[in-house]
Amino acid sequence: MLFNSIAFLLFFPIVCVFYYCIPSRQVGARNLLLLIASYYFYLNWEPAYALLLLTSTFVTYTASLGIGHFKDILKKKACLVSCIALNLGILFMFKYYHFFSSNVDVVMQALGIKICLPALSLLLPVGISFYTFQALGYSIDVYRGTTKVERNFVLYALYVSFFPQLVAGPIERSNRLLPQFRLQHRFDYEAVMAGVRLMVWGYFMKLVLADRCGLYVDSIFNNVEKHNGGSFLVASLLFPFQIYGDFAGYSLIAIGVARVLGFKLMENFCRPYFASTIGEFWHRWHISLSTWFRDYVYIPLGGNRVGRLRNYFNLLVTFIVSGIWHGANWTFFCWGALHGILLCVEKAFSISKTTYSGVEKFFHWAVTFALICFAWILFRANNLSEAVLIITGIFTQFGDPKPETANFIAIGLALTIMFGKELSEEIKWPMRNVVSKSGLVCHIYLVLMIAYIILFGVLGGDQFIYFQF
């Protein structure tokens, strides 16, 4: 079920009505309702894959009970290793097996060895990377002793499958979200309206900004041989805003949906394109995932508590793993490796976020944004050969980008609105405070934004980009 579908716009109000009709003191009944709603939400994609969600939930729940039960460190470690192996094994089979087998075939053929690995035609389950990482994070935290074992299976199953953030995050930590399921969430008009405002802004980011950019970007990247460097350049400058509007839009809707129900999810984006270094960008972009890799990959490798060269190695490995997490394609590997290399260069030259003068700050921002846009080409290209064609075309084959005037006007207006709002927040004058202080202003804002989305949004119900990851 897509957030931008009629089905969801009918589903969510019904869930809210039933949820708040149950007395707040009956926390267990409310949690059971949310669990049923979450599985119904997920079943709308491919019912059979709900079994994978249930399997991941059961494996991590059982393993964590074992970790909490055993006193012997080797038995605790055996439970954790088994849990990680089973979950990553399922993820590998569905997401990476075809990529692995095809590359093994290529290598073996180059060596003159005939080998034929069995072919598996498996549809990638929506959200498998997100809920797998969320569940594994809980088990690791239990092993580390930073989270208590959750013995209530319904409550834990809801933690893994909570429908607002089930299929594309934010990836919530157990010590932040699990306790919220034990609270009595009373209806709070101000909290509900705050959630609705977040949802409306998320729909603007997705339907108006991302999907408008996508009309042009997808037409270029999916037909590379028919376009020139001018088109490649414009598409490469628009894709950063397509993926930002798409993913930040989903996160905002998810946070808003949860807020309406009384839950607080973590912020996932913080004006990333205002970053003046690559390191700062990763403190602002996909925060829940970047902090997950920091805590469960980078720090266990040694983080920055080791020598300089080993620290560079840790950074590079972490970002390569992050790239591969996004998809089974060499483009994602190269995208992650490039960001890792750029971070190593920043560390080597001691480039960090500091207080720059106006011109110096603009220079750092411009270089950072250009590097991010360049890296996004690798991320968006269908394969490495097309990525190379696009990059070389930008510098050697400049021509008419052939824009559609009406669409570009809509994109320009959406970018102006988005940057206006984010700039006001960057300089510590958040417009949302003005909106929230007056009920009349709030309602006028919502009506105008909804009307704007209906008039200028792409209402075809396109999937969110991160569903494929």
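Above this note sits the structure.
Asks: What is the right way to read the overall build of the protein from this model?
Replies: Counting its regular elements, the protein contains 18 helices and 0 strands. In summary, the protein has a C-alpha radius of gyration of 23 Å against a globular reference of 23 Å for 469 residues, a match within 12%. Expressed along its principal axes, the backbone C-alpha trace of the protein runs to roughly 70 × 65 × 45 Å. Within the span of the protein, comprising 469 residues, buried residues form 54% of the whole. Looking at the protein alone, contacts between residues at least 24 apart form 76% of all its contacts between residues at least 6 apart. Carbon and sulfur atoms form 69% of the exposed surface of the protein, whose accessible area is close to 21,700 Å².

Asks: Which parts of the structure should I look at to understand the packing of aromatic side chains?
Replies: Two aromatic rings, taken as a pair, are described by how far apart their centres are and by the angle between their planes. Under the defined criterion, the tally for this structure stands at 68 aromatic pairs. Measuring from ring centre to ring centre gives 5.7 Å for F241 and F419, while their planes differ by 75°; the resulting arrangement is edge-to-face. Of this pair, F241 sits in helix α9 (residues 229-260) while F419 sits in helix α16 (residues 405-426), and the two are 178 residues apart along the sequence. Overall, the relative accessible area of 29% leaves F419 in the partly exposed class. One residue, R30, lies across the ring of Y19, its end atom 4.4 Å from the ring centre. Directly above the ring of F464 sits K206, whose terminal nitrogen or CZ lies 4.7 Å from the centroid.

Asks: Explain the nonpolar core here, please?
Replies: For soluble globular proteins, nonpolar side chains are generally found buried alongside one another. Residues F8, F163, F204, Y273, W285 and W376 are the most contacted members of the largest nonpolar core, which totals 144 residues. The greatest single-element share of this core, amounting to 18 residues, is contributed by α9. Here W376 is in contact with F239, P240, I243, Y273, F281, W285 and W335, once residues within four sequence places are set aside.

Parameters and conventions
Residues numbered from 1 in each chain as written. Predicted model: local features only at pLDDT ≥ 70, side-chain atom pairs only at ≥ 80, totals over all residues. Heavy atoms only, no water. Helix = DSSP H or I, 4+ residues; strand = E, 2+ residues; numbered from the N terminus. Rg over C-alpha atoms; globule rule 2.2 N^0.38 Å. Buried < 20%, exposed > 50% of the residue type's maximum accessible area, 1.4 Å probe, protein only. Contact = heavy atoms within 4.5 Å. Areas by Shrake-Rupley, 256 points an atom, 1.4 Å probe, with all protein chains shown as cover. Phe/Tyr/Trp six-rings, centres within 6.5 Å; stacked < 30°, edge-to-face > 60°. Lys NZ or Arg CZ within 6 Å of the ring centre and 35° of its normal. Core = buried A, V, L, I, M, F, W, Y, C linked by side-chain atoms within 4.5 Å.

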